[in-house]
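Now for the letters of each chain:
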Amino acid sequence: MFDGKVVNNLTETKSNATCNLCGITPNDMNAANVAERPVNEANFTCGLAPLHYYILYMECCSHISYRHSFEKWTIREADDKITSLEVSSLKMKKRFGLDLDKPKQGSGNSNYESFARTFFAKSDVTTEILDFDKELLYNFHDILRILNNNVNERINTSTFKELLQTTFDQYVKLYGWYKMPVTVHNVLVHGCDIIEDFDLPVMDSESDEEP
């Protein structure tokens, strides 16, 4: 199982924000014709390894939530983020007893796999707190469960492809102003192609519990 940084090294992808399959950059992630771009099929051999997917998808949702009031990918005014982040974090702490996006001493933040799984498992509460679209969050959760629960069997790519396309369209329609993170792009746009090309089932993610 490889994480994103290892895959980028193997595929000689210079930026963590660039897709290692089609080479697309953040500015074009939400383009309607993104799936039509040529891909480097040799890189399919890296497979899909959903290590940290729960965390990365949770962060995508929370970062969109912080920007609701001004709908911009880049935050120029620190106060805008601080205010919305503090409100959301306090609500999450009160309901789940967990800190959202809280910086840790040294490096990193408070986002762990166990927290991220709770974040999606309690979708009704999460969407209420973050004012995030409920259907899109449900679809993200379905995708994550499918990728993480198919260790010993293959995914029905026909049905899965429909789910991925629907989710991509929802994302662009609702939050087109927020450049899709490359991890989300890789699954929604290239997920089925990778699965169909790979000889083994998708690998289960390892738990990233707080020590």
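Residues numbered from 1 in each chain as written. Predicted model: local features only at pLDDT ≥ 70, side-chain atom pairs only at ≥ 80, totals over all residues. Heavy atoms only, no water.

**Student:** Got a minute to help me understand unusual backbone geometry in this structure?
**Tutor:** Generally, phi is negative for residues other than glycine and the peptide bonds are trans, each holding for most cases. Positive phi, close to 55°, is recorded for D131, a residue that is not glycine. Position of D131 among the secondary structure elements: in the loop between α5 (123-130) and α6 (134-148). (Helix = DSSP H or I, 4+ residues; strand = E, 2+ residues; numbered from the N terminus.)

**Student:** Where do I start with the nonpolar core in this structure?
**Tutor:** Here is a general trend for soluble globular proteins: nonpolar side chains tend to be buried in one another's company. Among the nonpolar cores identified, the biggest contains 52 residues, and F120, F132, F140, L147 and F160 are the most heavily contacted of them. Counting only elements with at least two residues in this core, the list comes to α2 (53-66), α3 (78-96), α4 (113-121), α5, α6, α7 (157-175) and α8 (182-197). For this core, the leading source of residues is α2, giving 9 residues. (Core = buried A, V, L, I, M, F, W, Y, C linked by side-chain atoms within 4.5 Å. Buried < 20%, exposed > 50% of the residue type's maximum accessible area, 1.4 Å probe, protein only.)

**Student:** What's the story with α6 in this structure? I'm lost.
**Tutor:** Since the α-helix turns once every 3.6 residues, residues separated by three or four places project in the same direction. Relative to the 21 Å expected for 15 residues at 1.5 Å per residue, α6 spans 21 Å between its end C-alpha atoms, a close match to the ideal helical length. Those residues of α6 that fall on the buried side of the exposure criterion are L136, L137, N139, F140, H141, I143, L144, L147 and N148. Here the buried face of α6 lies against α2, α4, α5, α7 and α8. The distance from a side-chain oxygen at the start of α6 to the backbone nitrogen of E135 is 3.3 Å, and the residue carrying that oxygen is D133. (Expected span 1.5 Å × (residues − 1). Contact = heavy atoms within 4.5 Å. Polar contact = N/O pair within 3.5 Å; in protein donor to acceptor, adjacent residues only side chain to side chain.)

**Student:** I'm lost on the packing of aromatic side chains in this one. Help?
**Tutor:** To describe a pair of aromatic rings, you give the distance between the ring centres and the angle between the ring planes. Scanning all chains against the criterion turns up 8 aromatic pairs. For the pair Y54 and F120, a centre-to-centre distance of 5.9 Å together with 70° between the ring planes defines the contact as edge-to-face. In this pair, Y54 sits in helix α2 while F120 sits in helix α4, placing the two residues 66 residues apart along the sequence. Take Y54 and F120: they sit in the same class, and that class is buried. Between Y57 and F140, the ring centres sit 5.1 Å apart and the planes meet at 90°, which makes this aromatic pair edge-to-face. Of this pair, Y57 sits in helix α2 while F140 sits in helix α6; the two residues are 83 residues apart in sequence, bridging distant segments of the chain. A relative accessible area of 0% places F140 in the buried class. Ring pairing ties together the aromatic residues F132, Y171, Y175, W177 and Y178, which thus form one cluster. (Phe/Tyr/Trp six-rings, centres within 6.5 Å; stacked < 30°, edge-to-face > 60°.)

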